[in-house]
Every structure is written in structure tokens, then in C-alpha cells.
Amino acid sequence: MRAALRGLTTRGRSFLAAAVAAAVSALILGENDLFRVAALLGVLPLLAAAYVGRARYRMTCRRTLTPHRVPANTDAQIQLRLQNLGKLPTGTLLLEDRLPYALGRRPRLVLERLAAGQATSVTYTVRPEARGRYELGPLLVRITDPFGLCELMRSFPSQDRLTVVPRVTPLPAVRLVGQHGGAGESRARSVAVHGEDDAATRTYRHGDDLRRVHWRSTARTGELMVRREEQPWESRATVLLDARTAAHRGEGPTASFEWAVSATASVAVHLCQAGYQVRLLSHRVDVTAGRNGGEGILLDQLADVRTRPRADLNSLVDQPRRRADRGLLVAVLGALSPGEAELVAGARASGLTCVALLLDTGGWAHLPPAEREQTARDHRTAVATLVESGWRVVDVRHGADIADLWPGVGRGPQGFAWRAALAETVAGGAR
Amino acid sequence: MTGRWRIGVIAAAATLLATAPLSAIFDSWTWLFQATVVVGAVAAAAAAGRALRLPAPLGPVATAAGLLLALTWLFPSGQEFLLLLPTPDTLARFGDLLAGTPAALAAHAVPVADDPSLLFVSALGIGLVAVVVDTCAVGMRQPALAGLPMLAIYSVPVAVRSDGVAILPFLIGAIGYLWLLAADNLDRVRRFGRRFAGDGSAIPAWQPSPLAAVGRRLAVVGLAVAVAVPLAAPGMTGLIDRWDPALPGGGAGAGSGTGEVNLFAELSGQLNQDATHELLRVTTDDPDPFYLRFATASEITSTGFIPRPPQGSPVTGALPPRQGSSGPTYRHTATMELTEQYQLAMAPSYAELAEVNGLDPQWLYDPDQQIVFSNRIRATGIAYSVSYHRSDFSAEALRSARPLPENHPRRIDTEAPPVPEVVDLVAELTADADTAYDQVLALFTHFSVDNGFRYSLQTGPETTGVAIVDFLENKEGYCVQYAAALAWLVRTAGIPARVAFGFTRGSNYLDDTYVLTNRNMHAWTEVYFPGFGWVPFDATPTTAIAGGVDPDWAPDPDGSDPERDTPSPADEPTEAPTDHADAPTESPDFAEDGAISGTASADGSSPLPGLAVIGLLLAAALLAAPGVSRLRLRRRRCLPPADLPARQRAHAAWAELLDTMIDYDLPPDPTETPRGTVARLVRHARLTGAEAEAAGRLGAAEEQAQYAPAPPAPGHPGADLRLVRLALAQPAGRSTRARAILLPPSTRRRWRDQLAASAGRIRQLLTEGGLLLGRMSPRRLLPAGREK
């Protein structure tokens, strides 16, 4: 009751003050009729407080997020499940879930009545604009009286986390060479180019395609054998994200870094789904995802990756070289000075297919002409340096779509197209 | 948007409800019609303004325009365009009406008739209140502020009527205000967010909120408290009234407690009128009646006497016992008929009333001032009869009166502003008087013609600024001056005195009927003697007035025996002194105490006890209602009419058993068979022996009634039920038993179900009505695109 009295609204307090004033003047003037008004004004806030504070609400609240991980600009459903543990039905409850402002308007709900022991659930939708990790909650509950004289606020302390991952663009399938990265555990690539005698075969099962019958083995074993698709081939890829603050331009969701993160996510997910074991490298980030469902780990990392002002490019480009695993390296790079370009160029080791998505960051910000010119010059220099040292460079301009650029990865200097064609014939049977 | 529409409509309705207290002021209901028109016009203008999306500051302008149109239509000058558009003539007419208000106020007493000026002022005021309420509640979204203009309406009757405003108009106004408050807050809650119910289903915005039901309950409790609290603190006398009685009169020393009439001015005005008109006729069986009285003035200020606000209880109740008088008393009756010319709110009567007949409870009797008065109505044209005690004082008896004790409550009537000339005169006159009576007599005789005092309706020139000194020096004046001066002198001598107003016996009488005119109005002095009460002394020369009385204890100081037109004392009282038996024969002091306690009780006994009793009875009836309903139901079930089929009787007995179980916290399970219920009952209540058998019989009867093709008549279900009930009640706690009798859960459950059912029926009716309306909608006649 005392808490409820403290919860009197301005209107309630004004009522009490007016009641006192009316009572005093009624006493002075001797007007019984005015005293009636004073009594009404005085008793209403007390009644309201008694109503609001009449019961200690015992309630539980659970929040369910579907999905927990959501790409930016897509909807996430959040379900609140409330249960009244008390012995009294609740009055009208005004619910407001505390959301970070980046998630848009706070959802506001009016729960008219919850009987004793009853549970209810209600769902609302958020549509986050920017990637990140967001704390949902606490849920605020306001209890009000019918006249707006008293209002109590309680909150459920439980909080939940919504991970908003960068937007992933589906990429067209492109054959990439250098995808075979030496021996390792069994990974699927449908390649049967070397030594088909060691091709794994198995007995024919009902439903197998007749065209896959391995006649030679069949002849040898006297039993119908078919080629196995699975081959002990290892496909590894490293996706590298340049997160130096100096290398990127622009602000907020339209910054070049966001484009880089989104591109990194798209490439990583694409490669994951293509069967690669993907290693994501950035400053202080080094995670490796397996083939199945591993992209979640990568996306979680990318959800809250931030540019780092004191990051060192050298240590970053050194990492893929240091590990023994080779294969494919896709680097998403911001602006490179000529020196940094040399550094990156030198990071290419033999046996490593290096692809650079090099952002021309001048397009992401309004720059003075001189600086713009400088940026463009540096960009051209970097492209030249990388290409010379054997990188396949995709020149990224502002407004470009990663899905459009991705096929460019398959082309490039040094006969890449030819090697891709070779890979195509190698893998041809599988398609 | 719909929310704002709704609030606008509710604001208008609340304004209209808030005008309810005005019903106490007007005699007819014309004002209500005009208020409805005005408020409706304002609300319509506000709605139109919102529909046109006028900017918020222009809202009041639109509503004021609506008000102007409504006033133009209601109070036309005949020169309007199309009846509605005001012209300069209209405004001039409004000005005239406004200018006529003070005159109308002066001309009418509450409740007032339909005076165009007053109606215009009230319509204008209500319209302005409607404008402010709409601006506050809808424009500013602060409906709490709307209470202030509504309170302003309420304060008008509160200020005008000193006897207070009835409870009902207050309740109506308060309900309107609370409605507005709740509607606004519910609208806020509704707009807060998506609404959903406990089962997770969404609730459409228009559906009523359960909060509204809570609001109704809280409002009922709040209003009950608001009505009850002032009743618990009755007889509120304002501190102002207590501290400074001169204030309400407006400082001129001429105010009166009823706030309506300056008695002195009234008196001199009536006496100075050229025309003579009849004011009343009085018929009495008293052969030698004293003056008729209608008021006293006992508060003294430096400028003179003013009446004390009278207090009393309705004359229809038992009148308080009379003040003690040890002289011989006679009981007489008198009948008054007042004419249309009589305009005072006080009914003339004789002193020491015993009984009043023919007056309604609006008339109150003040036992202290011994006057009959009303706070509401004037005595114009009424007729009534009184029965009163006529005391006869003798000089010897009065001489034996004890001196006034120091702490006697009548000491208040000895206060007088010290005026040096007066103090000196009194000291000189009473130098050789021993008793209080002798002192009074000495002062009384000072006003004789021998001393140069002359009766004149034209008073002498004011020279000193103090009226009494002027009169004592000029020695020229009429009854008012004589009476006030004598009272002042007597008070200065330390003896309680006051001025009484009334009528002489007049010069026109026939047998025992006296016809009194405005010329017969009179004022005289009353002096208080312990043990005798108020004894009249008329210092005005009897020769100067028609119908003066020259009593034994206060003989005309001029000594002459004028041609008095009083009946000769020869017709001595024919009636035996009736009151001697019950007249106080105790010591005067004791009688005094009785009188004072009587006065004190009369002070606090406004109509409240009666109301309180009625309220208590009502409350008791309300409290008893569930129990009584249960009892009646039980009786009907246990003693069914003889022609009821056996099956119905068994069902009734069974229903009674189930209700009994509910009452004693053993709720039946609707899925159980009668046999299962009985088994559970026996198990839970640990019934044994006869009780268990009784329960078994009831169950069996119900079983047979349900399943048998022709059930046998049940034996004595009443006795069985009684057995089971007693067995259930015995182990139950005291509170459970009391609840089962006073507030049976089964009755509550039945009432709740009935309420829900009727609410459902009403809702269904409304829905059907809506469907019907939809079916009759003219839109259906239009070719609908999707039907093709």
C-alpha cells in the first residue's frame, strides 16, 4: 500500500492536494457541500492506490526468440510467456519490453486480465536494421487504476540476447581452383580424376543410377558395383576480413566496412555450403567452421565484429601463411597503401589460391577531390601490386553487389579461367 | 481518432451531468433544456473542428462559435439571419439580459422562476463550462482539469443556498466527472499497445476493458464515502462564522444571518412606505396577546445590532422544551394567514412555541431566538397554526431573579462596545437600583417623553457617527432606535438583552382576528432574567404606535393611560394555566440547565439523525439481502406447493442440498452422480447415523427423480435437509457459519450467474439490433461491386 501511495501519478497527487485545499476551505466556510467534494477527491487516490497495491503480483515471464540468429532487415519473432502464480487474477497490465533503440519501437501490449494460475503468451516482431548483439528486456509491467491516479511499475529482470548477423547474399556457384588443400578427413568433392582404380566402390543398391555402375569392379567382383561419390578430398578456405579502421570509410550501416562484413559473411556461408572447411580470420578473430551448420559460428563472429583502430595488417596476413593448411584464401580488403599492398602481395604462398575483394573505399564517403584522387591512385596501385604477385583481384566499387562480383573470382589473370574449365571437366560427372 | 470522438461526447455528457446541482436554484426545468442545447452545440462545434482538423489553439474558438449560435437561437432578438446568425441586435439583447441580472437576482428568491436574465446567465455559464471542459479533456487531454469548471457550477447552489445542496445532484455531477476521468484513462490504456486477453487472443480496440468495471466499483465506493463522511461530521459551522459574525453581513453592520434581508432596513422601509398593505391575519384565543415576533438581533457591533444566523431543527419534529419561566404560563393557539405581500423567509409566531402545524420541514425552529425560519423559501402566502406558552411576569417576581452567574452562556448577550457617553449614562441611571430588574426599569423609563424623547420616523441628524449616541442626544427616533438603544444600555449594565422584530397588534381587529399591515411592524427589546427567560420591554411610547402593549412589568414610563386599542385586561385568561403541571417548578438554575442542554442539542440536530437512521436501515437491508434471499429460497424448496410433481420436489430438495454444500465450503462437482455426491458429503463431513441416512435419502430421491419412470414422492426432505445442514454447520468455524447465514456463497454464485446471463442477453440483443440496423442500412440498396 505504501509503495502504491508512492506510485501516485501527478493527477493523483493533485487530487490529494485539491482535497486538502477543499477540506480546509470547507472547514473555514462551514460548507458541508464543499466537504463532500473534498472527501471524494481525497478518497479516490486512496482507493486507486489500494486497488493497484492490493496484491503483490507473482508472475513469471519467459521470452522465446525465433530464431535466435537473424539476418539484418529480416523479422524475428519474440514470444513472451507470462504466468500468474498468485491466487488473484491480475488487473489490466501494461507491458513494455525494453529493447535497444536499434531494434525499433518498443513493443507495448495491454494484458487485460490473467486469471490465477493462467499462463498466456503473446508474440511480437522486431526487424533489426543493423547487425549486432542485442539485449532484450527487462520487461516492464505497469499497473494502473481506472482513473489514472496511481501507477505502479515493476520489471522482470530476465534478459535475452538476439544476435543479428550480417545480411548474407546467396552467391552463384563458381568453380574455384586450389580448393583441394591436401589430405585430411573425408570431405566431399566429387572428383574422380586421379587413379580411378582406387575409386571407392560399393555394391549396387536399389535406386542407384545405372550410369554410375563401375563396370570394371563389377567384372572383378562378379557383383554389380557402383562408383562412390565420396572421395577423400579436403577442401579448405580461409576468409580474411580487413577490419582496420583506417582502411574503411563511411558511417554506420552504409560504411564500407559493413559492405565488407556482409561480403565476408556471404562468401563464408557460400563456401561453407559448398563443402569447404572455412576459417574466418580477422583481427582477434580466428574461427574455423566445419562443413555442416558451421556457418552459424562464423555469422555470430561477424555479428559483432567492429573496426579496430590499432589493428596490424601484417599479423593478419601472416596467419594464413603460418598454418600448414592451404587451399583458398579470400581476403576482403579495405584501402591499402602501396606499402600495405606489398605486404599483402607477399603473403601469397605457393599452393594457395588467393582472391582479394579490394574495396575502392573512396566511393563510400564524400572526399575532397585531392584525397579522392589519392585514394583512387592507391587503389590502382594496390590492384596492380596484387595482380602482379598472383592474386586474383576483384575490384569493388561502391554500390556493387557481391552476387554480381562473385563470378569474377573465377576469372582473372594467369589462366584462371582455363584452370576453372579444367576443374569443370574434372568434376563434370558429378553435376 | 475514435477515442477522441468518444472523449468529446463523454465530456459533453459529463458537463450536462455536472449541471445537476443547478436544479436546486431554478423552479422549473427550462434551464435543463437550454443547457442541453448549449452543451450539444458546443460538443457539435468541437467535433466539427476536429473533423476539419483545425489546429488545437483554434478549438476553443470553434466551440465558442457553437455556443454563440446556440445562445442566439435560445435568446433571439428577432433580428437574426436565419434564426441562428447573430446580428448586433442579438448582441444588444444579450447585453440587456446581462444588465438585467442584478435586478433579477434582487427580485427573486431561491428557487427562482424562469427569468430570462437568469436563464441567459445560466446558459452562458454552462456553455462556457462546456467550452473549457472540452478544451481540457479533449484538446489538452487533461480531463482532471475539467473538474474545476464543473466545481464552479456546483459552487453556485452551494453559495446561494445556505442550507446546502441535496446529495443527489452532487452524485450526478460527480458521476459525470468520474466517467470522464475513467474514459480518458481507459482510452490511454487502450492506445498503449496491442490488447490481448489471458488466453492469448487479441482484443479489438472497441471492446470494453475490465478496468472499466473496476472503475465503476471504485466510483461507487468513493461516492459512498464522499456522501458518508460529511454526514459523520454534522453541523459544520464555519470558523469564519464562529470568529467574526459581522463578516457575512458585508461590514455595514447590517447583514443578516440568512443573507437575504437587512431587518432594520426592511423595517424602516415598511414603516416609511406610503402605501399600506395587509401582510397577515392572525387569529388567536389569547385574549391579550403580546407582539408577534419573527426575528431577533443579538449580535452587536459598533454600528448596531445584527441578527445571529438562526439554527434549528424542522418544526415538524418535536420542538425543544421551552425555556424555564417561573411565572404563571397559559397555553394558547394562534392561526396565521400570510398574504402575498409578505416577503420574509421568517414565519411570524409568538414566543415560546409548543407546537407548529401546517408548515413543511423546510421550516426550522430556533429555540434560542424562538423564531421560525427557513433557509430556502419565503413565507409568502402560507397559512399555519401554532400553539405557544404565554408567560405573565410580575415586577415582584422579576425582582427576585438571581443575578446572572459569571460563566452563564447568556453572558454573550451582555457584550456591548464601550462608548464612554453610554457607560456614563448607564452608571448614572442605575446608581440606586438594587436588582437587575430595577436597573432595567430605570433604563427603560429613561426613554420617556418627560426626558424629551419623541417618536418620529424621521431620525435626527447624525453628528457623532455612533448611532446610539446620536439617538440619545437627538432623542428623536422610532421603534428601532428605541429598541436598540435600550438593549445597548441594558447590555452595558451587564444584563443580557437583544432586539426583537415583529408586529404590534395593529389597530384593525375583529373579535380575535388581528389584521396586520406593513405599518404594524415593530421592534422592541428583550431582556434575559435567569429563571424567567427573555422578558420583553418596549421602550417605544405606546401612544406613538398602533396596537402597542403596555405590560405590567414594563409600564409605559409616560404614565398616562392612552387610548390604547388593546383589549381591556378585563377579559382575563379564560383558560386555566395548563402548563403548571409540567412547567418547571424546580429551581430556576436547574431549569436553566435544562434549557441550555436543550439548546445545545438543538444546535446539532439538523435533519441528520433521520437521514442517518434511514441510511442505517438501508445499509442493514442491503446487508441482509443475500441472507434473506437464501432463506426464502430454502423455504420455497423445503415447502413446495402441494401440486408440484414429485419429480420437481425431489429436484428442489436436491438443489437445496447442493446449495447447502456450497454454503459450507463443500462445492459439488457437476460431473458427479447424486450417489457420488452423497458419498463424498458423508465422507467429508463425517456424517454418521441419522444425518448420513438423511443425506442418503435425499440422494436416493434425486436418483429416482432422475431415472425412475414414476418416482415416488419424497418423504420429508425439509427435515432431512435440516439434519444435514446442522451436521454441516456444527464442525464449521464461526466465520463459515456466519457467512452461510449472512452472505451465502450459493446466493452469491446464483446472483453472479444471473447477472452474467442477463448481461449476455443484453449483449445479444444489442448485437442483433446492430445486425438489424446493418440490414436496414441504405448502403445495401446500392449495387455492390463484389456481388456481381
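The structure reproduced in this document is the subject of the present report.

Definitions and cut-offs
Residues numbered from 1 in each chain as written. Chains lettered and ligands numbered in written order. Predicted model: local features only at pLDDT ≥ 70, side-chain atom pairs only at ≥ 80, totals over all residues. Heavy atoms only, no water. Helix = DSSP H or I, 4+ residues; strand = E, 2+ residues; numbered from the N terminus. Contact = heavy atoms within 4.5 Å. Polar contact = N/O pair within 3.5 Å; in protein donor to acceptor, adjacent residues only side chain to side chain. Pairing = 2+ DSSP bridges. Axes fitted to C-alpha atoms, helices over the stretch in contact; angles between N-to-C directions. Parallel < 35°, antiparallel > 145°, perpendicular 65-115°, else oblique. Left-handed = near helix turned anticlockwise from the far one by under 90°. Patch = residues over 30% accessible without salt bridge, like charges linked within 9 Å, V, L, I, M, F, W, Y side chains within 5 Å. Areas by Shrake-Rupley, 256 points an atom, 1.4 Å probe, with all protein chains shown as cover. Salt bridge = Lys/Arg side-chain N within 4 Å of Asp/Glu carboxyl O. Buried < 20%, exposed > 50% of the residue type's maximum accessible area, 1.4 Å probe, protein only.

This part takes up the environment of Y384 of chain B. Residues and elements named next belong to chain B. Within the secondary structure layout, Y384 lies in strand 12 (residues 383-391). Placed 37 residues apart in sequence, Y384 and A347 show a C-alpha to C-alpha distance of 9.3 Å. Setting aside residues no more than four positions away along its own chain, Y384 makes contact with A334, T335, M336, L338, A347, P348, N357, G358 and L359. A distance of 2.5 Å separates a polar atom in the side chain of Y384 from the backbone oxygen of P348.

With that out of the way, let us pick up the side chain of E702 of chain B. Mapping E702 of chain B onto the fold places it in helix 21 (residues 689-707). At 2.7 Å, the side chain of E702 of chain B and the side chain of Q706 of chain B are in polar contact.

Attention shifts here to the sheet that holds strand 18 (residues 392-396) of chain A. Residue and element names in this part refer to chain A. Judged by pairing direction, the sheet is mixed, and its six strands sit side by side in the order 15-14-13-16-17-18 without closing on themselves. The sheet is open, and its two borders are formed by strand 15 (285-289) and strand 18, each paired with just one other strand. Mean inter-strand twist for the sheet, computed between neighbouring axes without regard to direction, equals 15°. Where strand 14 (residues 277-282) and strand 15 come together, five bridges link them in antiparallel fashion. Paired with R279 across the bridge in strand 15 is T288. Relative to strand 15, helix 6 (residues 295-303) is tilted by about 160°, and along the sheet it contacts strand 13 (236-241), strand 14 and strand 15.

Further remarks concern the packing of helix 19 (residues 646-663) of chain B against helix 20 (residues 674-685) of chain B. Each pair of packed helices gets described by two things: the angle between the helix axes and the distance between those axes. Residues and elements named next belong to chain B. One can describe the packing of helix 19 onto helix 20 by two numbers: an axis separation of 12 Å at closest approach and a directional angle of 40°. Taken together, the axis directions place helix 19 and helix 20 in an arrangement best described as oblique. Every pair of crossing elements has a handedness; the one defined by helix 19 and helix 20 is left-handed. On the side of helix 19, the interface is formed by W654, L657, L658 and M661, while helix 20 contributes P674, T677, V678, R680 and L681.

Here we come to a nonpolar patch on the surface. Residue and element names in this part refer to chain B. A cluster of nonpolar residues, F33, L69, W73, F81, L82, L83, L84 and L85, forms a patch on the protein surface that exposes about 850 Å² of accessible area. For L85, the location among the structural elements is in the loop between helix 3 (59-74) and helix 4 (88-99). Its relative accessible area of 40% is what places L85 among the partly exposed residues.

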